[in-house]
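Descriptive structure summary
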Amino acid sequence: MPSTALVWFRRDLRVHDHPALTDGLAAHERVVCVFVFDDRLLTGRFASGPRSAFLLGCLADLDASLRKRGGQLVVRRGSPEQELAALAREVEAEAVYWTSDVSPFARARDARVTEALRVAGARACPRGGNFCVDVSQPRTKTGKPFTVFTPFWKATTGLPRRPVLGAPEALPPLPAGLDPGTLPALLDLGLRGIVPHPVVAPGEIPARIAMQDWLDGPIAAYGERHDDLTGGTSILSPYLRWGCLSALELEDRARARVCDGSGAFTRQLAWRDFYAHVLLLHPENARLEFQPRYRELEWDEDAELLAAWQEGRTGYPLVDAGMRQLAATGWMHNRARMVVGSFLTKDLHLNWRDGESWFERLLLDGEPSQNNGNWQWVASTGVDPAPYFRRIFNPVLQAQKFDPQGEYVRRWVPELEGVPTDHIAEPWRMSEAQQRDAACVLGSHYPDRIVDHALERQVTMDRYRAVSAATTDAAPQP
């Protein structure tokens, strides 16, 4: 009997630079590639029709790449521990390879799979591949995990990287008689809802084209343009989230570009590794504030304000543009993410978890470690701490600085198309006559502000200050 292994794909949907696939092929005569649709993920806490639709496209692309090389993707649905153990028995697999991950859910699932495979007589063979470095390894000089980005980045920049691996030229065919299954439709998974204009096409093939296009030109200006709301970013994040691109290969190829933007881009790429490091070593972050003192923060509950934020009806043009971009494309510019996140938590005083779950519902690039890390960052409750008042973003000043001509706002909030540029960031300053001339009467064509930023900023200052003072008073005296 030929030596057989399974390669279990999860969010590593590519054939280039895939350590689990490469090692499986090197050690075994036959490899069976498999993906398992797990209802606990599909319909769980962060269920998402748009992201699942993107996943299906990525899987179709992966299956095409495997078929081109002589293989095929086997599809199963159910609990991975049951489905993988059953498949291992059916093909008499000696081992199952996969790319390890960091979330508490993933680690618990993988432990169950490992035990089920042991009972079935197969070895579990997890490998790296989702990040640039082994995020379990970096430590401070005192041996503790990092909780501040810049020291983490400096420590990991000089760490050795494994070699970037090529794609296999050929794959063995599936065992005779094995039912490969078929990719389901979104409705078959019990999900519905898509974004009408996905920001990128799914799959490794378009991902590699997009990576090449980015490296061939726009990366050079990344340092000065990454905050420009009308462009300047790579929009590769959905591909990194689903592993259509290897973060290590992207970093390696970006480093090889001799340009000013290369260093700035690879530094931003390191945030993925940082947040993965944090969640792996602080799994409680998945549900709790990293800073215990802010677990006592007072959050409001207001369904109408939350809906206005979700639907882009706040009356603040930059906030509304960002939220509408998200709903239309499944993606949002990072500068806009910071602004809308600050507005939810520090202008509306709504729980950052409301934002985390809404983003996970719509983002094509929503991944637990990064989404959680970013929301806790903007809410000032997480790692990489800064005084809370430094992360209260003024949506007017942000628009004036990063969208000075109003191009981003006009694209996503067409009601404001006729508003003069000097009023595009704060249309409420127009007189009634100016509103009529611009065909943008507040309260009719476009909503008036639902809150006053200056007043709500003070409320936030008072709430955070009160929690900080209470924590200080409660601290034991030396």
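Residues numbered from 1 in each chain as written. Predicted model: local features only at pLDDT ≥ 70, side-chain atom pairs only at ≥ 80, totals over all residues. Heavy atoms only, no water.

1. Some thoughts on unusual backbone geometry
One non-glycine residue with positive phi stands out, namely Ser 380, at about 65 degrees. Position of Ser 380 among the secondary structure elements: in the loop between helix H16 (368-378) and helix H17 (395-402). For Ser 380, a relative accessible area of 3% corresponds to the buried category. Positive phi outside glycine occurs at Ala 439, with the angle close to 55 degrees. Inspection of the secondary structure puts Ala 439 in the loop between helix H19 (432-437) and helix H20 (453-474). (Helix = DSSP H or I, 4+ residues; strand = E, 2+ residues; numbered from the N terminus. Buried < 20%, exposed > 50% of the residue type's maximum accessible area, 1.4 Å probe, protein only.)

2. Considering helix H4 (residues 80-91)
Residues separated by three or four positions in an α-helix point in the same direction, a consequence of the helix having 3.6 residues per turn. In a regular helix each residue adds 1.5 Å, so 12 residues correspond to 16 Å; H4 covers 16 Å between its end C-alpha atoms and thus fits that length. Among all positions in H4, only Pro 80, Glu 81, Leu 84, Ala 85, Leu 87, Ala 88 and Val 91 are buried. Buried residues of H4, viewed axially, fall in a sector of 165 degrees; they line one side. The inward-facing, buried residues of H4 contact strand E1 (4-9), strand E2 (30-37), helix H2 (39-42), strand E3 (73-77) and helix H5 (104-120). One or two positions beyond H4, positive phi appears at Glu 92, with a value near 55 degrees. (Expected span 1.5 Å × (residues − 1). Arc of directions from axis to C-beta. Contact = heavy atoms within 4.5 Å.)

3. As for the sheet that holds E2
Taken in spatial order, the 5 strands of this open sheet run E3-E2-E1-E4-E5, and their pairing is parallel. Looking at which strands have only one partner, the edges of the open sheet turn out to be E3 and strand E5 (123-127). Put simply, the sheet's adjacent strands are angled 30 degrees from each other on average, direction ignored. Across the face of the sheet, helix H1 (residues 19-27) comes into contact with E1, E2, strand E4 (95-99) and E5 while running at roughly 155 degrees to E4. Relative to the sheet, H5 contacts E1, E4 and E5, its axis offset from that of E4 by approximately 170 degrees. (Pairing = 2+ DSSP bridges. Axes fitted to C-alpha atoms, helices over the stretch in contact; angles between N-to-C directions.)

4. Focus: the side chain of Lys 346
Take Lys 346: it is sitting in helix H14 (residues 334-347). Among buried Asp, Glu, Lys and Arg side chains, Lys 346 stands out as unpaired, with Asp 347 the closest opposite charge at 8.8 Å. A polar atom in the side chain of Lys 346 sits 2.9 Å from the backbone oxygen of Arg 391. (Lys, Arg positive; Asp, Glu negative; His and termini not counted. Salt bridge = Lys/Arg side-chain N within 4 Å of Asp/Glu carboxyl O. Polar contact = N/O pair within 3.5 Å; in protein donor to acceptor, adjacent residues only side chain to side chain.)

5. Quick look at the packing of aromatic side chains
Overall, the coordinates contain 20 aromatic pairs when judged by the stated rule. An aromatic cluster of at least three residues, connected via ring pairs, comprises Phe 146, Phe 149, Phe 152, Trp 271, Phe 274 and Tyr 275. The ring of Trp 242 is capped by Arg 241, whose NZ or CZ atom sits 4.0 Å from the centre of that ring. If you follow Arg 267 out to its NZ or CZ, it ends over the ring of Trp 153, 4.7 Å from the centre. (Phe/Tyr/Trp six-rings, centres within 6.5 Å; stacked < 30°, edge-to-face > 60°. Lys NZ or Arg CZ within 6 Å of the ring centre and 35° of its normal.)

6. What to know about helix H13 (residues 317-329)
Given a rise of 1.5 Å per residue, 13 residues ought to cover 18 Å, and the 18 Å separating the end C-alpha atoms of H13 matches this to within 8%. Burial analysis of H13 places 12 of its 13 residues in the buried class, which makes it a mostly covered element. Tucked into the core, H13 has its buried residues touching helix H12 (303-310), H14, helix H15 (352-362), H17 and helix H18 (407-412). One or two residues past the end of H13 sits Gly 330, with phi positive at roughly 75 degrees.

7. Considerations on the pattern of salt bridges
Where charged atoms of side chains with opposite charge meet at close range, the side chains can pair. For the coordinates displayed, the defined rule picks out 31 salt bridges. Across the pair Glu 81 and Arg 112 runs a salt bridge whose closest N-O atoms are separated by 3.2 Å. Pair noted here: Glu 81 is in helix H4 and Arg 112 is in helix H5, with a separation of 31 residues, a long-range link. By relative accessible area, Glu 81 is classed as buried at 15%. When the shortest N-O distance is used, the salt bridge between Asp 228 and Arg 225 registers 3.0 Å. Here the salt bridges share partners, and the residues they tie into one network are Arg 11, Asp 101, Arg 272 and Glu 367.

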